[in-house]
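# A closer look at the structure
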Amino acid sequence: MSAFVLSVSKQVSVTDLVRLYAQVGWSAYASDPDSLARAVHQSSHVVTARDVAGELVGLARAISDDISICYLQDILVDPGHHREGIGKALVDNILERYVHVRQKVLLTDDESGQRAFYESSGFIEAHDFDSPLRAFVQIGS
Ligand SMILES: CC(C)(COP(=O)(O)OP(=O)(O)OC[C@H]1O[C@@H](n2cnc3c(N)ncnc32)[C@H](O)[C@@H]1OP(=O)(O)O)[C@@H](O)C(=O)NCCC(=O)NCCS
């Protein structure tokens with residue numbers, strides 16, 4: 001377990017953003033730095049994790065009306081720092097910020113590791129909910 005510092009801040013350099021998004025293989029974001037920077041800046045809440053040297057090692061952001069819905073987007077951690085509790089700390093920060101908001105929602109890849117990660121933070125897959133839910137998406141090219 002390495003030390004890291006969380007900050008609620010949108011002040012992240014484009015270079016740091018592109019490096020982190022590229023590290024997790026999200027090339028669509030990394031190949032369009034201007035859009036990435038605007039997406040981060042226009043998010044409702046951004047939380048970053050930095051190592052002791054100040055290097056960006058994780059980021060999560062949320063889109064919310066601060067009343068009824070909080071959408072968690074782009075939770076990512078430098079692969080060199082996986083399983084050190086950084087991802088959970090980022091999600092916990094968002095859940096604490098939006099504790100008063102009843103619906104927290106996210107979409108993620110269909111991988112067992114993702115399910116385990118989000119379940120460890122209290123999320124339930126939509127189709128496993130007590131009164132079953134459906135999730136519908138439209139994703140452009
Ligand atoms: C998903 C991701 C954010 C998890 O971040 P992380 O910092 O490694 O996660 P944590 O160390 O906080 O893990 C918390 C718990 O989640 C579970 N978990 C996390 N990753 C897991 C994996 N690959 N397999 C199984 N369980 C996992 C474990 O229960 C873990 O606790 P433990 O290590 O004490 O067993 C990280 O793997 C990542 O950035 N992946 C690429 C980007 C991505 O796909 N993001 C999610 C979609 S938005």
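Report follows, based on the coordinates. Just so it is clear, the model here is predicted, and its values are computed rather than measured. Starting afresh in each chain, residues are numbered from 1 along the sequence in its written order. Local features in a predicted model are, by the rule used here, given only for residues with pLDDT of at least 70; side-chain atom pairs are given and counted only at 80 or more, and totals for whole chains, interfaces and linings are based on all residues. With hydrogens and water set aside, each side-chain value is computed from the structure's full complement of heavy atoms.

## Things to note about the sheet that holds strand 3 (residues 56–64)
Ordered in space as 1-2-3-4-5, the 5 strands form an open sheet in which the pairing is mixed. What marks the edges here is a single partner per strand, and that holds for strand 1 (4–8) and strand 5 (103–105). Strand-to-strand twist in this sheet, taken as the mean axis angle between neighbours without regard to direction, amounts to 20°. Strands pair, by our definition, only if DSSP identifies at least two bridges between them. For the purposes of this entry, the term helix denotes a DSSP run of H or I that reaches at least four residues, the term strand denotes a run of E that reaches at least two, and both are numbered from the N terminus. When strand 4 (residues 69–77) meets strand 5, the two strands line up parallel, connected through 3 bridges. Bridge assignment links Cys-70 to a residue of strand 5, and that residue is Lys-104. Note on geometry: axes are C-alpha line fits, over the in-contact stretch for helices, and angles between N-to-C directions span 0 to 180 degrees.

## Considering the packing of aromatic side chains
Only Phe, Tyr and Trp rings take part, Trp by its six-membered ring, and two of them pair if their centres are within 6.5 Å. Stacked means planes under 30 degrees apart, edge-to-face means over 60, and tilted covers everything else. What the rule picks out here adds up to 5 aromatic pairs. Look at Tyr-21 and Tyr-29: their rings are 4.9 Å apart centre to centre, the planes differ by 70°, and that puts the pair in the edge-to-face class. Note on Tyr-21: relative accessible area 0%, which makes it buried. Three or more aromatic residues joined by ring pairs make a cluster, and in this case those are Tyr-21, Trp-26 and Tyr-29. Both a distance and an angle decide whether a charge sits over a ring: NZ of Lys or CZ of Arg must be within 6 Å of the ring centre and within 35 degrees of the ring normal. Sitting over the ring of Tyr-98, Arg-97 keeps its end group 4.4 Å from the ring centre. A simple rule labels every residue: compare its accessible area, found with a 1.4 Å probe on the protein chains alone, to the largest value its type can have, and call it buried under 20%, exposed over 50%, or partly exposed in between.

## Quick look at the site of the ligand
The cutoff for a nearby residue is simple: one of its non-hydrogen atoms must lie within 4 Å of the molecule or strand. Around the ligand, the surrounding shell holds 18 residues, and the nearest of these are Ile-75, Val-77, Gly-87, Lys-88 and Gln-114. In protein, a polar contact requires one atom able to donate a hydrogen and another able to accept it; more generally it is a pair of N or O atoms within 3.5 Å, and residues adjacent in sequence count only if both atoms are side-chain atoms. Within the backbone of Val-77, a nitrogen or oxygen atom sits 2.8 Å from an oxygen atom of the ligand. Within the side chain of Gln-114, a nitrogen or oxygen atom sits 2.6 Å from an oxygen atom of the ligand. Burial of the ligand by the protein amounts to 72% of the accessible area it has alone, namely 910 Å². Going through the elements one at a time, strand 4, helix 4 (86–97) and helix 5 (112–120) are the ones with two or more residues in the shell around the ligand. In short, Shrake-Rupley with a 1.4 Å probe defines the accessible areas, and a residue's cover is counted only from the protein chains shown.

## Describing unusual backbone geometry
Even without a glycine there, the phi angle at Asp-66 is positive, about 65°. With respect to the helices and strands, the residue Asp-66 is situated in the loop between strand 3 and strand 4. Residue classification places Asp-66 among the partly exposed positions, given a relative accessible area of 31%.

## Description of the nonpolar core
Residues belong to one nonpolar core when they are buried, are Ala, Val, Leu, Ile, Met, Phe, Trp, Tyr or Cys, and are joined through side-chain atoms within 4.5 Å. Counting 18 residues, the largest nonpolar core has Cys-70, Leu-72, Leu-90 and Ile-94 as the members making the most contacts within it. At the level of elements, strand 2 (45–51), strand 3, strand 4 and helix 4 are the ones that each hand at least two residues to this core.

## Here's the deal with the pattern of salt bridges
The working definition used for a salt bridge is a side-chain nitrogen of Lys or Arg within 4 Å of a carboxyl oxygen of Asp or Glu. For the structure on display, the rule yields 9 salt bridges. For the salt bridge of Asp-16 with Arg-50, the shortest nitrogen-to-oxygen distance reads 3.4 Å. A residue pair is termed long-range when its members are at least 10 positions apart, and Asp-16 in helix 1 (residues 14–23) and Arg-50 in strand 2 qualify at 34 residues. The partner of Glu-119 in a salt bridge is Arg-115, and the shortest N-O contact between them spans 3.0 Å. Placement of the pair is Glu-119 and Arg-115 together in helix 5, with a separation of 4 residues, close to one helical turn. Ionic contacts of the salt-bridge type, sharing partners, join the residues Asp-16, Arg-19, Arg-50 and Glu-55 into one network.

## Quick notes on helix 1
Asp-16, Leu-17, Leu-20 and Tyr-21 are the residues of helix 1 that are buried. All buried residues of helix 1 lie within an arc of 120° about the axis, which places them on one face of the element. On its buried face, helix 1 sits against helix 2 (27–30), helix 3 (33–41), strand 2, strand 3 and strand 4. Remark: Gly-25 follows helix 1 within two positions and exhibits a positive phi of approximately 85°. Read the arc as the range of directions from the helix axis to the C-beta atoms. Two residues qualify as a contact provided that any one of their heavy atoms is within 4.5 Å of a heavy atom in the partner residue.

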